[in-house]
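Spelled out from the first residue to the last, the chains are:
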Amino acid sequence: MGIVVEVKNLHKRYGDRVAVDDVSFAVEAGEIFGVLGPNGAGKTTTVECVSGLRTPDRGQLTVLGLDPRRDRREVRERVGVQLQQHRLPDRQTVAEAMQLYGSFYREPADGRRLLDMLGLAGKHDTQYRQLSGGQQQRLSVALALVGSPTVAVLDELTTGLDPQARRDTWDVIDEVRDSGVTIILVTHFMDEAERLCDRLALIDAGRVVALDTPAGLVASAAAEQRVRFRPSTRLDERLLADLPEVTGVRRHGQQVLVTGTGNLLQAVTSVLAQQHVVAEDLRVEQASLDDAFVTLTRRRRS
Ligand SMILES: Nc1ncnc2c1ncn2[C@@H]1O[C@H](COP(=O)(O)OP(=O)(O)OP(=O)(O)O)[C@@H](O)[C@H]1O
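Reading guide: rules and limits
- Residues numbered from 1 in each chain as written.
- Predicted model: local features only at pLDDT ≥ 70, side-chain atom pairs only at ≥ 80, totals over all residues.
- Heavy atoms only, no water.
- Axes fitted to C-alpha atoms, helices over the stretch in contact; angles between N-to-C directions.
- Helix = DSSP H or I, 4+ residues; strand = E, 2+ residues; numbered from the N terminus.
- Parallel < 35°, antiparallel > 145°, perpendicular 65-115°, else oblique.
- Left-handed = near helix turned anticlockwise from the far one by under 90°.
- Contact = heavy atoms within 4.5 Å.
- Nonpolar A, V, L, I, M, F, W, Y, C, P; charged D, E, K, R; others polar.
- Buried < 20%, exposed > 50% of the residue type's maximum accessible area, 1.4 Å probe, protein only.
- Pairing = 2+ DSSP bridges.
- 1 Å grid on protein atoms, 1.4 Å probe; cavity = no way out; pocket = protein on both sides within 12 Å on 5 of 7 lines; lining within 4 Å.
- Points joined across faces, edges and corners; volume = space filled by probe spheres on them.
- Expected span 1.5 Å × (residues − 1).
- Near = heavy atom within 4 Å.
- Polar contact = N/O pair within 3.5 Å; in protein donor to acceptor, adjacent residues only side chain to side chain.
- Areas by Shrake-Rupley, 256 points an atom, 1.4 Å probe, with all protein chains shown as cover.

## Observations concerning the packing of helix 3 (residues 94–102) against helix 5 (residues 133–145)
It is the contact of helix 3 with helix 5, at a shortest axis distance of 9 Å, that shows an interaxial angle of 25 degrees. Considering the angle they form, helix 3 stands roughly parallel to helix 5. With respect to the hand of their crossing, helix 3 and helix 5 are arranged in right-handed fashion. Between helix 3 and helix 5, the contacting residues are Val94, Ala97, Met98 and Tyr101 on the first element and Leu139, Ala142 and Leu143 on the second. Looking at the contact of helix 3 with helix 5, its residues break down into seven nonpolar, no polar and no charged.

As structure tokens, then:
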């Protein structure tokens, strides 16, 4: 697969404040590439540089073989951008907005088809202010796609949406990718990143601290597993603590919490079986992308 976006040693400051210190990554054709990180990490600045909306101070940027600084017009034509918290005039109708944005492009997409795909078929004559939050968000995705872009940059796609509207928007993004558009998705929602992204760049304080698939990030953070249970009878906790897989055993009231790595569950349950102890309310908590995020961003701070 070809590389469609390449960012090398990107650096951008606003006055004294370094927004992006040193960011490098490459996005492959047809993938959903996530840019993840805490507030103020430099995500928006990074993708704004990629889209040609901001000029970096240093670094190399190649988008579809073009330089967003030199070939700004061409990059704008081929990269669709959904900006964070972008609002339209209250009284503008959906059809008017689609027509206006479409007029900026040489080869606008079929607006009706886009609105159908985004579940806005019946809303052509509805004013912006009368749309629900989810519909406004989906309209902003439609506007990002109205120029038939090859790459779409979506920033904080589902902020402020209810759970159903978020899931509907995710399904739409899957369809957009299936139609051949490469997507760069800025988010700080782990569930969204895990559900949608093929690969993720985790950015913290203006630097990439990890770049991998969601599962790869979880594994590289080597976050601990946890096994919780209530022993049916007295249990000598030292038997668990002595296992090579176990890094800690704690008691919370009647509950025992065992942390560790490797095949922790099997190691714990076989000791319990030998001791004729039944593990009641047994729960295994696998490391999540949330844990990886915290571990990887904390690692950098310490
Ligand atoms: N126009 C600007 N002028 C001055 N400082 C800015 C400007 N835009 C962003 N910053 C600062 O640059 C840093 C990075 O901001 P940026 O918006 O790129 O981060 P982000 O990761 O997208 O954050 P968030 O998740 O909160 O949107 C922040 O400290 C922010 O306050």
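Still to come is the rest of the account.
## Notes on the pairing of strand 7 (residues 182–187)
For strand 7, a buried count of six out of six residues is recorded, marking the element as mostly surrounded by other parts of the structure. Judged by which residues are buried, strand 7 turns out to be covered on both faces: Thr182, Ile184 and Val186 on one side and Ile183, Leu185 and Thr187 on the other are all buried. Here five bridges tie strand 3 (residues 32–36) to strand 7, and the two strands are oriented parallel to one another. Bridge pairing in strand 7 places valine 35 opposite valine 186. Examined bridge by bridge, strand 6 (residues 151–155) and strand 7 share five bridges and lie parallel to one another. From the neighbouring strand, valine 153 faces strand 7, where its bridge partner is isoleucine 184.

## So, the sheet that holds strand 10 (residues 225–231)
Judged by pairing direction, the sheet is antiparallel, and its four strands sit side by side in the order 11-12-10-13 without closing on themselves. Edge positions in the open sheet fall to strand 11 (246–252) and strand 13 (279–285), since each of these has one partner strand only. Going from strand to strand, the sheet's axes swing by 15 degrees on average, the running direction of each strand aside. Pairing geometry for strand 11 and strand 12 (residues 255–260), over six bridges, is antiparallel. The residue bridging valine 249 from the neighbouring strand is valine 258, located in strand 12.

## Some thoughts on the layout of surface pockets
Over the atoms, a rolling probe the size of a water molecule traces out where space has been left empty. In this structure, the largest pocket occupies an estimated 460 Å³ of space. Among the elements of the structure, helix 2 (72–78), strand 5 (79–82) and helix 5 are those that each provide at least two residues to the lining of the largest pocket. A per-class count over the lining of the largest pocket returns nine nonpolar, four polar and five charged.

## Focus: helix 6 (residues 163–178)
Given a rise of 1.5 Å per residue, 16 residues ought to cover 22 Å, and the 23 Å separating the end C-alpha atoms of helix 6 matches this to within 8%. Taken together, the buried positions of helix 6 are Ala165, Arg166, Thr169, Trp170, Val172, Ile173, Asp174 and Val176. Within two residues after helix 6, glycine 180 carries a phi angle of roughly 105 degrees, on the positive side.

## So, the site of the ligand
Neighbouring residues of the ligand: 15 residues in total, closest Gly40, Gly42, Lys43, Thr44 and Thr45. Separating an oxygen atom of the ligand from a side-chain N or O atom of asparagine 39 is a distance of 3.1 Å. Between the ligand and the protein, one listed contact pairs an oxygen atom with a backbone N or O atom of alanine 41 at 3.0 Å. Isolated, the ligand exposes 640 Å² of accessible area, and the fraction of that covered by the protein chains is 67%. Those elements that provide at least two residues to the shell around the ligand are strand 2 (17–28) and helix 1 (43–50). Looking at the shell around the ligand, the element that brings in the most residues is helix 1, giving three residues. For the shell around the ligand, a count of residues per class yields four nonpolar, seven polar and four charged.

Such coordinate-based values are descriptive only and should not be taken to indicate function.
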